Amino acid sequence: MLKVSLPDGKVLEFDRRIRPIDIAMEIGPRLAKATLAAQVDGQIVGANAFLPDEGEVALRLITARDPEALNVMRHSCAHVMARAVMRLHKGIQLAFGPTVENGFYYDFQTEKPLSEEDFPQIEAEMAKIVKEDEPFERIEMDRIEALQFVKDLGQGFKVEHIETGLAEHGHVSFYRQGEFVDLCRGPHVPAAGAIGAFKLLSVAGAYWKGDATRQQLQRLYGTAWFKKEDMEAYLTKIEEAKRRDHRVLGKQLELFTIDPMVGSGLILWLPKGATIRRQLENFLYAKLLDIGYQPVYTPHIGRIELYQTSGHFPYYAESQFPPLYSHPMGGVVQELLQLWAKGEIDDDAMAARLEGYMHTNVPARIRPHVPNYEKLPSSRQKIAAMETWLEKQERYLVKPMNCPHHIKIYQSKPRSYRELPLRLAEFGTVYRFEQSGELNGMTRVRGFTQDDAHIFCTEEQVAGEFRGCIEMTQYVLKTLGLTDYRVRLGFRDPASQKYVGSVETWQRAEDALEAVCRNMDLPNLTIERGEAAFYGPKADFVVADCIGREWQLGTVQLDYNLPSPQRFGLEYVGADNHPHQPVMIHRAPFGSFERFVGMLIEHFAGAFPLWLAPEQARVMVVSQKVEDFGRQIETRLRQAGFRVTGDYRAEKIGSKIRDAQLELVPYMFVLGGREAETGQVALRDRLEGDLGTMSLEDAIKRLQAEVEARTIRQVVKGSAGIGGKKEENAY
RNA sequence: GCUAGCGUAGCUCAAUUGGCAGAGCAAUGGUUUUGUAAACCAUAGGUUGUGGGUUCAAUUCCCUCCGCUAGCUCCA
């Protein structure tokens, strides 16, 4: 006897094996037809899966109207895609095919690479399968049986997955749809006909089990929706995101550029972009002074010893720009020593190699000099002598981070507890050699400026200081109208070796951080293990822009390690006249100006609020006859503190307005004979159009008020209208 | 770094099976002196990313390198 309770409170009783679809049928044939899956005691299962024989379950039938149905259908669509690909191509090895936000993918190993040219054919085959409407049939087997089954199918990835990933499962399930059978947990829609609109989006490489050392597969991405309109809306949204791409807008609006001759991932800020950045810098700088930070400046390079002490070198060697050596052989010796350390060169070969450089192979002036090298008794000692030589050379690193420099400022004199918290701030530019495939416009670069600061404080001050950092970040985000964000706590992954410091220290730091955050009632606080910096746990602000994409921006990090005796050994003299170790907080509310401005460009779709707009107003004359009057107004606006330009070309006023609109200039001063006579100005708002005639003073007051309040007048959900049609510009 | 794709004028894009590299916008010169989203005429602009190969002939086919795009891996 099975008792089934439905969401409306009704309880049905069955004394036979029954499936959700049967229950739906009892309620009504139309419901049965619409039922795609079911929720049993909170878990999503297939509509054809048998319910337990006895006991009590809560059942909810899922139709296309329920959000859960979409994922079930998308996963079924992934199977249909895989089936279509296997029909069209020989020798396909199936890997995984899960759903993702807005769609699904399937990983294959193929004999011939797939390309977008194959999409129409695959889509046509999929459409055929959907039309045939064959059912998805669940088959369960025990592990041994299943293993033989996938071996017989010749599906090597599935064999491996059953042997390793599913090692603990006694039984596994398959889904059959026509000739296509796939190892799969399910659930699926009852039959392929339930799949609505779908489209293949892209093909890309992906590593088997996400491991870069394993073979690379072909990943086919697709999207699927119940209604064609939903898919159209989704595709439109993708188009919209493309239209406000900061790389496109950055070029059109002349905000920044990247030149291959300067280098990949190195941003050249054009005057307009630089203006926006400067406004943000000024805004932050004023705030920093206001709340007790002290500005400092530090150089762009530092001796390698500095980073050896901090622990950055050589552990991040592959993501640093190569070190600068004063001796020409420095880099070669360093490289050899690294290979030797990895065991790729044995002791004797290493010693012989170095000896060659020292005495025979290279001109005297660039030889490393180690006295009596050849008299050293063993290869080991020769290598050690070489290491000593290398360490004596001057070696510099382009700085990958600012903290070691700020630590040295802290250590520039003895510190008393009376000086703490000491807050050192710098807009510090750092360089990291990111992988070429990772670079992306302004959001992932190789040189960037952090709005960095390091706070040195006592253990007792940690909570208050940490809280202050989070509040500052919140203030900054709020000012820019970025109200939709979540806070992610990054803790250490106990299984990983990449972290420095003792477990106890980490525990203390993580507890302190979590306590502060819980206390502040931050939105959607999550904890993620393995997301910590190597020296301490952190709180990251993940900001959603106006079309819902997430960006990791600000960060606050707690650090008990760099100040420790094993690293820099920071101290202050306490009230007890004894030395104590301070705690460090690293924080950057924007993260970096590059990424932040890149995100802002997309968030505002290039239409910055007046206080940030590179060009706040443009004076334009109806006729060149009134150019002198126009220039007077332009000068007076500039004197009033505005970033203003003038358009005195022999163009019609409509043309000048159009240009200013497309360049997203917030205000236009339209001046003709009437204004020249009365001395007044006709003001035009980019959003609202003609505001009519007023005195210059009134216009200035209006604009000044908007700047001072840092008003955000619009966050454009649609396109900003760059190159678009007029209808699209309606707000 | 890996897989796939792309690279034509400042920008957006054309160029039949390999057969004289073109348009719009922008720029420059001129005419027009204009009232709230595009006046008109003319001119100039290119070693088709780079280097090599195949061919009578390469923007087109093949290879190298550089750069870009999507995804994967990475992100102190």
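Cut-offs applied
Residues numbered from 1 in each chain as written. Chains lettered and ligands numbered in written order. Predicted model: local features only at pLDDT ≥ 70, side-chain atom pairs only at ≥ 80, totals over all residues. Heavy atoms only, no water. Helix = DSSP H or I, 4+ residues; strand = E, 2+ residues; numbered from the N terminus. Contact = heavy atoms within 4.5 Å. Areas by Shrake-Rupley, 256 points an atom, 1.4 Å probe, with all protein chains shown as cover. Near = heavy atom within 4 Å. Polar contact = N/O pair within 3.5 Å; in protein donor to acceptor, adjacent residues only side chain to side chain. Buried < 20%, exposed > 50% of the residue type's maximum accessible area, 1.4 Å probe, protein only. Expected span 1.5 Å × (residues − 1). Arc of directions from axis to C-beta. Core = buried A, V, L, I, M, F, W, Y, C linked by side-chain atoms within 4.5 Å. Pairing = 2+ DSSP bridges. Axes fitted to C-alpha atoms, helices over the stretch in contact; angles between N-to-C directions. Domains from an automatic or database assignment. Phe/Tyr/Trp six-rings, centres within 6.5 Å; stacked < 30°, edge-to-face > 60°. Lys NZ or Arg CZ within 6 Å of the ring centre and 35° of its normal. Lys, Arg positive; Asp, Glu negative; His and termini not counted. Salt bridge = Lys/Arg side-chain N within 4 Å of Asp/Glu carboxyl O. Parallel < 35°, antiparallel > 145°, perpendicular 65-115°, else oblique. Left-handed = near helix turned anticlockwise from the far one by under 90°.

## So, the overall build of chain A
And step 1. Across its full length, chain A holds 21 helices and 33 strands.
And step 2. Structurally, chain A occupies a C-alpha span of about 95 × 85 × 60 Å along its principal axes.
And step 3. For chain A, long-range pairs separated by at least 24 residues make up 70% of all intrachain contacts whose partners lie at least 6 apart in sequence.
And step 4. When the accessible surface of chain A is split by element, carbon and sulfur atoms take 49% of a total near 35,300 Å².

## Comments concerning the protein's contact with RNA strand B
And step 1. Neighbouring RNA strand B are 56 residues, the closest being Q216, S436, E438, Q624 and R658.
And step 2. Counting only the atoms of RNA strand B that lie within 4 Å of the protein, the sugar and phosphate share comes to 47%.
And step 3. Taking N440, its side chain carries an N or O atom lying 3.4 Å from a phosphate oxygen of RNA strand B.
And step 4. For the surface near RNA strand B, the secondary-structure elements that each account for two or more residues are β12 (197–207), β13 (216–225), α8 (246–252), α19 (653–662), α20 (673–678) and β32 (681–685).

## Side note on the environment of R444
And step 1. Structurally, R444 is set in the loop between β20 (422–431) and β21 (447–457).
And step 2. For R444, a relative accessible area of 27% gives the class partly exposed.
And step 3. Taking the C-alpha atoms as reference points, R444 and L266, separated by 178 residues in sequence, lie 9.7 Å from one another.
And step 4. When near neighbours in sequence (up to four residues on either side) are disregarded, R444 contacts E434, E438, L439 and R595.
And step 5. Of the polar contacts made by the side chain of R444, one reaches the side chain of E434; its length is 2.9 Å.

## Overview of helix α4 (residues 119–132)
And step 1. Helix length check: α4 (14 residues) gives 20 Å between terminal C-alpha atoms against 20 Å at 1.5 Å per residue, within 8%.
And step 2. Among all positions of α4, only F119, I122, E125, M126, I129 and V130 are buried. Burial along α4 is one-sided: seen end-on, the buried residues are contained in an arc of 140°. For α4, the exposed residues lying more than 90 degrees away from the buried face are P120 and K131.
And step 3. Those residues of α4 that are buried are in contact with α3 (67–88), β10 (171–177), β12 and β13.
And step 4. D133, located one to two residues past α4, shows a positive phi value of around 60°.

## Here's the deal with the nonpolar core
And step 1. Grouped together as the largest cluster of nonpolar side chains are 63 residues, with contacts concentrated most on L280, F466, L480, L558, F596 and L600.
And step 2. Considering each element in turn, this core owes the most residues, seven residues, to helix α15 (residues 462–479).
And step 3. In this view, F596 contacts L280, L477, L480, L482, L553 and F590; residues no more than four positions away in its chain are not counted.
And step 4. M73, M81, M231 and L235 belong to the second largest nonpolar core, which has 41 residues in total.

## Here's the deal with the sheet that holds β21
And step 1. The sheet built from eight strands is open, its strands ordered β16-β20-β21-β28-β25-β24-β22-β23 with mixed pairing. Each end of this open sheet is capped by a strand with a single partner; those strands are β16 (294–295) and β23 (526–529).
And step 2. In this sheet, strand β28 (residues 583–588) lies alongside β21 in antiparallel orientation, the contact comprising five bridges. Bridged to C457 within β28 is V583.

## Examining the sheet that holds strand β1 (residues 2–5)
And step 1. Sheet architecture is open: five strands sit in the order β2-β1-β5-β3-β4, paired in mixed fashion. Unpaired on one side and paired on the other, β2 (11–14) and β4 (43–46) mark the two borders of the sheet. Direction aside, neighbouring strands of the sheet carry axes that sit 35° apart on average.
And step 2. Across four bridges, the pairing between strand β3 (residues 37–40) and strand β5 (residues 55–62) is antiparallel. Residue pairing across strands places A37 opposite I62, the latter belonging to β5.
And step 3. On top of the sheet, helix α1 (residues 20–27) reaches β1, β2, β3, β4 and β5; it is set at about 70° to β5, its chief contact.
And step 4. Where α3 meets the sheet, its contacts fall on β3, β4 and β5, and the angle it forms with β5 comes to roughly 80°.

## Some details on the environment of P7
And step 1. Relative to the assigned elements, P7 resides in the loop between β1 and β2.
And step 2. Between the C-alpha atoms of P7 and A58, which are 51 residues apart in sequence, the distance is 7.6 Å.
And step 3. Setting aside residues up to four positions removed in sequence, P7 forms contacts with L59 and R60.

## Re the pairing of strand β11 (residues 180–183)
And step 1. Of the two faces of β11, both are covered, the one formed by F180 and D182 as well as the one formed by V181 and L183.
And step 2. The sheet contact formed by β10 and β11 spans four bridges and is antiparallel. If you follow Y175 over to β11, its bridge partner there is D182.
And step 3. Linking two consecutive strands that pair antiparallel, namely β10 and β11, is a turn of two residues; a positive phi of about 60° is found at G178 within it.

## A few points about the domain arrangement of chain A
And step 1. Domain assignment breaks chain A into domain 1 (2–63), domain 2 (68–240), domain 3 (327–393), domain 4 (403–603) and domain 5 (617–713).
And step 2. Summarising the inter-unit geometry, the C-alpha centres of domain 1 and domain 5 are found 68 Å apart.

## Some words on the packing of aromatic side chains
And step 1. Counted by the stated rule, this structure contains 19 aromatic pairs.
And step 2. Relative to Y221, the ring of Y105 lies with its centre 5.5 Å away and its plane at 55°, an arrangement referred to as tilted. Of this pair, Y105 sits in strand β8 (residues 103–109) while Y221 sits in strand β13; the two residues are 116 residues apart in sequence, bridging distant segments of the chain.
And step 3. Using a relative accessible area of 13% as the deciding quantity, one classes Y105 as buried.
And step 4. Taking the centre distance of 4.5 Å and the plane angle of 45° together, the rings of F157 and W208 count as tilted. Of this pair, F157 sits in helix α6 (residues 156–163) while W208 sits in the loop between β12 and β13, and the two are 51 residues apart along the sequence. No difference in accessibility class separates F157 from W208, as the two residues are buried.
And step 5. Among the aromatic side chains, those forming a connected cluster through ring pairs are F427, F590, F593 and F596.
And step 6. For the cation-ring pair, R415 lies above Y410, with the distance from its terminal atom to the ring centre recorded as 5.4 Å.
And step 7. The aromatic ring of F433 is capped on one face by R446, whose charged end is 4.0 Å from the ring centroid.

## Some details on the side chain of R492
And step 1. Its location among the elements puts R492 in the loop between β22 (485–491) and α16 (503–520).
And step 2. E510 provides the closest opposite charge to the buried, salt-bridge-free R492, at an N-O distance of 5.3 Å.
And step 3. Each residue touching R492, except ones within four places of it in the same chain, is listed here: Y499, V503, W506, E510, R529, G530 and A532.

## Concerning the packing of helix α9 (residues 271–290) against helix α17 (residues 593–603)
And step 1. The geometry of α9 relative to α17 is characterised by a closest axis approach of 11 Å and an angle of 115° between their N-to-C directions. As summarised for this structure, α9 and α17 are arranged roughly perpendicular, according to the angle between their axes. For the pair α9 and α17, the sense of crossing is right-handed. Between α9, through R277, L280, E281 and L284, and α17, the contact on the second element is made entirely by F593, E594, F596, V597 and L600.

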